[in-house]
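If you want the building blocks of each chain, they are given just below.
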Amino acid sequence: AAGQGAPATRRVEALLFDADVLAEAIGTPQARVMTLGARGIAMALLGRFEVTFRCCAEADALFTDHVRDAPWDHMTALHFYLWAALERGRRDEIALRAPPAFARAAARSDRYGATGAAANYANLAWLLRTPDEARRVLETCDSFWAGERYNLLAYDIDLARVNLDLSEGNGIAAARREGLT
């Protein structure tokens, strides 16, 4: 429902309220973390990044401490947390959380998680260090998807590469990468 934007806000809030009631009745960390993640994602789609930041941070803590058997869901919440961190100007949070999340996901051969933690805006964690580090991690992400059809994560890798090109003062390369020239 949140994908419909602001006109769907009341419907989204009603659905999230119902989810919260169910999670409270179930009473498990798994139920609570799913509603927190859903709220965080929905709020990002509605442009309410303060709520996304808060909900996804709480979800990250629950996943880390109590719900360890859901790495895909954990990484999805972290992906939205990193987006919210960028929107709030919290590069420190991106630099703090993205590299260890990438390392954990890569160590368990979770290419979705590793790419989500290292591409798109999350790549700023490496770009803030050096362009070479940013490039290295993007090459690793590319290797996870070699030979596969273009997908959303490939877009995230490309977007990170555009940011890398721009950071190096290479607007022509960034424009070419995006097919603008």
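Everything below is about the structure printed above this text.
Cut-offs used in this document
Residues numbered from 1 in each chain as written. Predicted model: local features only at pLDDT ≥ 70, side-chain atom pairs only at ≥ 80, totals over all residues. Heavy atoms only, no water. Axes fitted to C-alpha atoms, helices over the stretch in contact; angles between N-to-C directions. Helix = DSSP H or I, 4+ residues; strand = E, 2+ residues; numbered from the N terminus. Parallel < 35°, antiparallel > 145°, perpendicular 65-115°, else oblique. Left-handed = near helix turned anticlockwise from the far one by under 90°. Contact = heavy atoms within 4.5 Å. Nonpolar A, V, L, I, M, F, W, Y, C, P; charged D, E, K, R; others polar. Salt bridge = Lys/Arg side-chain N within 4 Å of Asp/Glu carboxyl O.

1. Some remarks on the packing of helix 4 (residues 71-87) against helix 5 (residues 91-107)
Packed helices, taken two at a time, are described by their axes: the angle between them and the distance between them.
Here comes step 1: Where helix 4 contacts helix 5, the two axes come as close as 10 Å, and the packing angle between them is 155°. The angle between helix 4 and helix 5 places the two elements in the roughly antiparallel class. The element helix 4 and its partner helix 5 pack so that their crossing is left-handed. Along the contact surface, helix 4 presents Met75, Leu78, Tyr81, Leu82, Ala85 and Leu86, while helix 5 presents Glu93, Ile94, Arg97, Ala98 and Ala101.
Here comes step 2: A per-class count over the contact of helix 4 with helix 5 returns nine nonpolar, no polar and two charged.

2. Brief notes about the pattern of salt bridges
Here comes step 1: Within the structure shown, the criterion is met by 15 salt bridges.
Here comes step 2: For arginine 39, the salt bridge identified is with glutamate 13, shortest N-O distance 3.4 Å. Here the residue arginine 39 occupies a position in helix 2 (residues 29-45), and glutamate 13 occupies one in helix 1 (residues 9-26), the gap between them amounting to 26 residues.
Here comes step 3: Overlapping salt bridges bring together Asp60, Arg90, Asp92, Glu93 and Arg97 as one network.

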